[in-house]
Amino acid sequence: MTETLYMNPALEALETDILESGVWGTIGPRSVEAADKLAAFFGGKHGLLCHSADAAYESVLRAVGCAHGDRILTTDLCSPSHVLVAACTGASPVFCPADNEIPSLPDPDALTEYLTDGVRAVVADFTFECDHTDLYPLDRLCAVCRAHNVPLVLDAGGCVTAKWRGEALTTYADAVIVGFGKGSELYAGMGGLVATDSADMMAGAFAYHNCGRAPGDGCTLNFDDIVGGDFRVTEWTAGAALLLLEEKAFTSPAPRPLCRMREQPLYGTDYFGKVTGR
C-alpha cells in the first residue's frame, strides 16, 4: 500500500476525492474557491493562488511592469527571494536605509530620496518573529509610497493571520504575499497567495501567472506585452490549503531566513548564509 502523504485523515480523503473527480490541474473549482476564501480571511478583496510564494511575488512584479533596467527598493536584510525573483524580471535591487527597530522594513523618513524614476515597487519583509511589528509606522510607509505613486508589496512569509494594529495588511499595501510552504501557519506543501484590494493588480498578476491570459472569456495571450508563465496552482495544493483554512488548522510560523544581501554574492554557495548583525 502506498504510504499516505498526509497525517490528517481529512486531507487523505480530500486527496482521494480530487483523484476521483478527474480535475487535478489548474484553475479548477477548488483553486478558485480557495483563492477567494483565503483572500477574504486575510482581508483582501481579491486573491490569486500560485504554485509558490516566489511565483506569487514574480506575478506581482510583472503586474507593476518590472522589466530589464527597472529597480525595486528593499532593505539589505531581506529574504533572498526578493533579490533573485526581481533578477528574473530583469530588475535590480536598491538597498534603502532600514528601520532601527525592524531592519527588514525600510525607514519611511529616508525613503523619498530613493524613489526615483525606474523604481517599480517597494518590497518589504513583514517579520512576524519580531515582537514589535505593530510599533513600525506602516501607515507612514504607505503614505510615502502612494505620494510617489510607487506600489508597496509586503511579504508576510507564512503568517496567514498577519495584521497591523488589528487591520488587514492590504489596507496599506498594494499587494501582500503569503506562502504555504514549510514553516507556514498553513502548511499545504507548497503554494503562495497574492492578496490585494486592487482589481488592476489582480488582473495583471492573474494574466502573468496564467500564461498571459487575462481573466474572463475571449482573452488574449498578450497582456501589456508580457506573455507570462505557468505559475498556476494545482487542485491538490489549493484543496489542502482550503481544508486547513476551514479547519483553522494553523501552526506557529517558523522564523524567516533573512540574509544581509549587501554582504552576500548574488550567486554562489554562500548566498544563503546566516544572518549577521541581528
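Residue numbering note: each chain is counted from 1, following its sequence as written. Where totals are concerned, whole chains, interfaces and linings use all residues; where local detail is concerned, this predicted model gives features only for residues with pLDDT of at least 70, and gives and counts side-chain atom pairs only at 80 or more. Side-chain metrics in this entry use all non-hydrogen atoms of the structure; hydrogen atoms and water are not considered.

### Things to note about the confidence of the model for the protein
Do not read the fine detail of predicted coordinates wherever pLDDT is low.
Then step 1. Of the residues in the protein, 77% reach a pLDDT of 70 or more, and the chain-wide mean stands at 80.
Then step 2. This stretch, residues 1-5, has a pLDDT under 50; its non-local contacts, to residues over four places away or in other chains, come to 2 contacts.
Then step 3. Confidence scores per residue from the predictor, reported as pLDDT, run from 0 to 100. We call two residues in contact whenever any of their non-hydrogen atoms come within 4.5 Å of each other. Across residues 265-278 the pLDDT falls below 50, and counting only partners more than four positions away or on other chains, this stretch makes 30 contacts in the model.

### Quick notes on the pairing of strand S7 (residues 175-179)
Then step 1. Most of S7 is tucked away: 5 of the 5 residues are buried.
Then step 2. One ladder, built from 4 bridges, connects S7 with strand S8 (residues 192-196); its direction is antiparallel. If you follow Gly179 over to S8, its bridge partner there is Gly192. Only protein chains enter the accessibility calculation, which uses a 1.4 Å probe; a residue whose area is less than 20% of its type maximum is buried, one above 50% is exposed, and one in between is partly exposed. In DSSP terms, a helix is any run of H or I states spanning at least four residues, a strand is any run of E spanning at least two, and both are numbered starting from the N terminus. Two strands are said to pair when DSSP picks up at least two bridges between them.

### Notes on the nonpolar core
Most often, soluble globular proteins keep nonpolar side chains buried together rather than apart.
Then step 1. Ranked by size, the top nonpolar core spans 50 residues in total, and within it Leu38, Leu49, Leu111, Leu138, Leu154, Leu169 and Phe180 carry the most contacts.
Then step 2. Counting only elements with at least two residues in this core, the list comes to helix H1 (9-21), helix H2 (29-42), strand S5 (119-125), helix H5 (138-147), strand S6 (152-155), S7, S8 and helix H7 (235-247).
Then step 3. Of the residues forming this core, the biggest block, 7 residues, is contributed by H7.
Then step 4. The residues contacting Leu154, other than those within four sequence positions of it, are Ala124, Phe126, Leu138, Leu169, Ala173, Ala175, Val176 and Ile177.
Then step 5. Residues enter a nonpolar core if they are buried and are Ala, Val, Leu, Ile, Met, Phe, Trp, Tyr or Cys, with the set joined through side-chain atoms within 4.5 Å. Within the second largest apolar cluster, 25 residues are counted, among which are Ala55, Val85, Tyr208 and Phe231.

### Brief notes about the side chain of His82
Then step 1. Mapped onto the elements, His82 comes out in helix H4 (residues 80-89).
Then step 2. Given the relative accessible area of 1%, His82 is considered buried.
Then step 3. There is a polar contact of 3.0 Å between the side chain of His82 and the side chain of Asp155.
Then step 4. Those residues in contact with His82, other than ones at most four positions away along the chain, are Tyr57, Ile72, Thr74, Val123, Ala124, Asp125 and Asp155. Polar contacts, as used here, are pairs of N or O atoms within 3.5 Å; protein pairs need one atom able to donate a hydrogen and one able to accept it. Residues neighboring in sequence count only if both atoms are side-chain atoms.

### Looking at the pattern of salt bridges
Then step 1. A pair is scored as a salt bridge if a Lys or Arg side-chain nitrogen falls within 4 Å of a carboxyl oxygen belonging to Asp or Glu. The tally for this structure, following the rule as stated, stands at 5 salt bridges.
Then step 2. Across the pair Glu33 and Lys37 runs a salt bridge, and its minimum N-O distance is 2.8 Å. Placement of the pair is Glu33 and Lys37 together in helix H2, with a separation of 4 residues, close to one helical turn.
Then step 3. A salt bridge links Arg120 to Asp70; the nearest nitrogen and oxygen atoms lie 3.2 Å apart. In this pair, Arg120 sits in strand S5 while Asp70 sits in the loop between helix H3 (53-63) and strand S2 (71-74), placing the two residues 50 residues apart along the sequence.

### Points about unusual backbone geometry
Then step 1. Even without a glycine there, the phi angle at Asn149 is positive, about 55°.
Then step 2. In this structure, Asn149 sits in the loop between H5 and S6.
Then step 3. The residue Arg165 is not glycine, and still its phi comes out positive at about 50°.
Then step 4. Checked against the element boundaries, Arg165 lands in the loop between S6 and S7.
Then step 5. Residue Arg165 is classed as partly exposed on the basis of its relative accessible area of 44%.

### A short note on the environment of Asp99
Then step 1. You can see Asp99 is positioned in the loop between strand S4 (92-95) and S5.
Then step 2. Asp99 gets classed as buried once you look at its relative accessible area, which sits at 15%.
Then step 3. Taking the C-alpha atoms as reference points, Asp99 and Tyr136, separated by 37 residues in sequence, lie 8.1 Å from one another.
Then step 4. Ignoring anything within four residues of it in the chain, the contact list for Asp99 reads Leu105, Pro106, Asp107, Tyr136 and Pro137.
Then step 5. A distance of 3.0 Å separates a polar atom in the side chain of Asp99 from the backbone nitrogen of Glu101.
Then step 6. Only 2.9 Å separates the side chain of Asp99 from the backbone nitrogen of Ile102, close enough to count as a polar contact.

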